[in-house]
Amino acid sequence: MAKSLLFLASTLAITKAQFDVICGATTTTLSAEIGMHCLSLTNKYRAEAGVPLLKWSQEIHDLAYQHSMDMADVSESFGHANYQTRLESIAFD
């Protein structure tokens, strides 16, 4: 697991200090930290391309995280089943 996290950290260009903070976090927090970092990199690219930036949604993160955990626990089949139900549970701005 540690090697996987180190690979992920190097792939996302996370500093050693950021990595240490993330590794001390809970799994849900770790997921959100990685997601926010990916969003930051995505928005950097979008800004350079002159297109609108995306914004973080903790609600969408939490819903996606729970769906991922359900699939990992095999309490839900792997895939996008019930996507419409999950989508309808989110209040979009």
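Residues numbered from 1 in each chain as written. Predicted model: local features only at pLDDT ≥ 70, side-chain atom pairs only at ≥ 80, totals over all residues. Heavy atoms only, no water.

Now for the overall build of the protein. If you tally the helices and strands in the protein, you get five helices and zero strands. Seen in sequence order, the protein has helices and strands lined up from the N terminus as α-α-α-α-α. By residue count, 20% of the 93 residues in the protein fall in the buried class. Considering only residue pairs separated by 6 or more positions, the protein has 41% of its internal contacts joining residues 24 or more positions apart. Carbon together with sulfur atoms contributes 63% to the accessible area of the protein, which is approximately 6,900 Å² in total. (Helix = DSSP H or I, 4+ residues; strand = E, 2+ residues; numbered from the N terminus. Buried < 20%, exposed > 50% of the residue type's maximum accessible area, 1.4 Å probe, protein only. Contact = heavy atoms within 4.5 Å. Areas by Shrake-Rupley, 256 points an atom, 1.4 Å probe, with all protein chains shown as cover.)

What follows covers the side chain of Asn43. In this fold, Asn43 is placed in helix 3 (residues 27-49). In contact with Asn43, not counting residues within four places along its chain, are Leu53 and Leu54.

Glancing now at the confidence of the model for the protein. As a note on interpretation, predicted positions should not be read in detail where pLDDT is low. With 56% of its residues at a pLDDT of 70 or more, the protein shows a mean pLDDT of 75. Mean pLDDT across the elements of the protein ranges from a minimum in helix 1 (residues 2-11), with 55, to a maximum in helix 3, with 88. (pLDDT = per-residue confidence, 0-100.)

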